[in-house]
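# An overview of the molecular structure
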Amino acid sequence: CVVRLVNGIVDAAQRANARSISTLAQELEWPQWFVDLRHEATHQRLPTLHALRLAAKEAVFLLFERFWRPQQEQLERRGRGAV
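Along every chain, residues carry numbers that run from 1 in the direction the sequence is written. For a predicted model such as this one, the threshold for reporting local features is a pLDDT of at least 70, and the threshold for listing and counting side-chain atom pairs is 80 or more; totals across whole chains, interfaces and linings nevertheless cover every residue. Only hydrogens and water are set aside when side-chain values are computed; all heavy atoms of the structure are taken into account.

### Topic: the environment of Gly8
In this description a helix means any DSSP run of H or I spanning at least four residues, a strand means any run of E spanning at least two, and both kinds are numbered starting from the N terminus. Mapped onto the elements of the fold, Gly8 is located in helix α1 (residues 2-13). Here Gly8 falls in the partly exposed class, since its relative accessible area comes to 43%. Along the backbone, Gly8 and Arg38 are 30 residues apart, and their C-alpha atoms lie at a distance of 12 Å. Each residue's exposure class comes from its accessible area (1.4 Å probe, protein chains only) as a fraction of the maximum for that residue type: buried when under 20%, exposed when over 50%, partly exposed otherwise.

See the structure below:
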């Protein structure tokens, strides 16, 4: 889940010239430890359950703050006729 989240976030920012996942995540202001956790899960061993739970909680928080809340606010403004 964490691997797919990080890949999905940075893939959307990837342009014609390939850049590292770490660089893209930094540009998008995603925590470096997410990238490290993704690297560990992909290339080494599965992270601890504690680390994965922490990542899941932080991911939900970041997704809410960066995507869902702004979307909700835009819909509420649209509902009031103030787009």
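What follows picks up the thread again.
### Points about the pattern of salt bridges
In what follows, salt bridge is the name for a side-chain nitrogen of Lys or Arg lying within 4 Å of a carboxyl oxygen of Asp or Glu. Scanning the model with the defined rule gives three salt bridges in all. With a closest N to O distance of 3.9 Å, Arg45 and Glu40 form a salt bridge. With a shortest N-O distance of 2.6 Å, Arg69 and Glu65 are connected by a salt bridge. Of the two residues, Arg69 and Glu65 both sit in helix α4 (residues 49-79), four residues apart, roughly one turn of that helix.

### Considering a nonpolar patch on the surface
Exposure above 30% relative accessible area and no salt bridge define the residues that can form patches, which grow by joining like charges within 9 Å and nonpolar side chains of Val, Leu, Ile, Met, Phe, Trp and Tyr within 5 Å. Surface accessibility in these figures is a Shrake-Rupley result with a 1.4 Å probe; residues are shielded only by whichever protein chains are displayed. On the surface, a cluster of nonpolar side chains totalling about 400 Å² of accessible area is made up of Val60, Phe64, Phe67 and Trp68. One can find Phe67 in helix α4. Overall, the relative accessible area of 43% leaves Phe67 in the partly exposed class.

### Notes on the packing of α1 against helix α3 (residues 32-43)
As a rule, the C-alpha atoms of each element are fitted with a line to give its axis, helices using only the stretch in contact, and angles between N-to-C directions run from 0 to 180 degrees. Orientation of α1 relative to α3, taken along the N-to-C sense of each, is 125°, at an axis distance of 9 Å. When the axis of α1 is compared with that of α3, the two are oblique. In this structure, the crossing between α1 and α3 has a hand that is left-handed. Where α1 abuts α3, its residues Val2, Val3, Leu5, Val6 and Asn7 lie against Phe34, Leu37, Arg38, Ala41 and Thr42. Basically, the charged four are Asp, Glu, Lys and Arg, the nonpolar ten are Ala, Val, Leu, Ile, Met, Phe, Trp, Tyr, Cys and Pro, and anything else, Gly included, counts as polar. Here the residues of the contact of α1 with α3 sort into seven nonpolar, two polar and one charged. Roughly parallel means an angle under 35 degrees; roughly antiparallel, over 145; roughly perpendicular, 65 to 115; everything else is oblique. Crossings are sorted by hand: turned counterclockwise from the far helix by less than a right angle, the near helix makes the crossing left-handed, and turned clockwise it makes it right-handed. Contacts between residues were defined by any pair of non-hydrogen atoms, one from each residue, lying within 4.5 Å.

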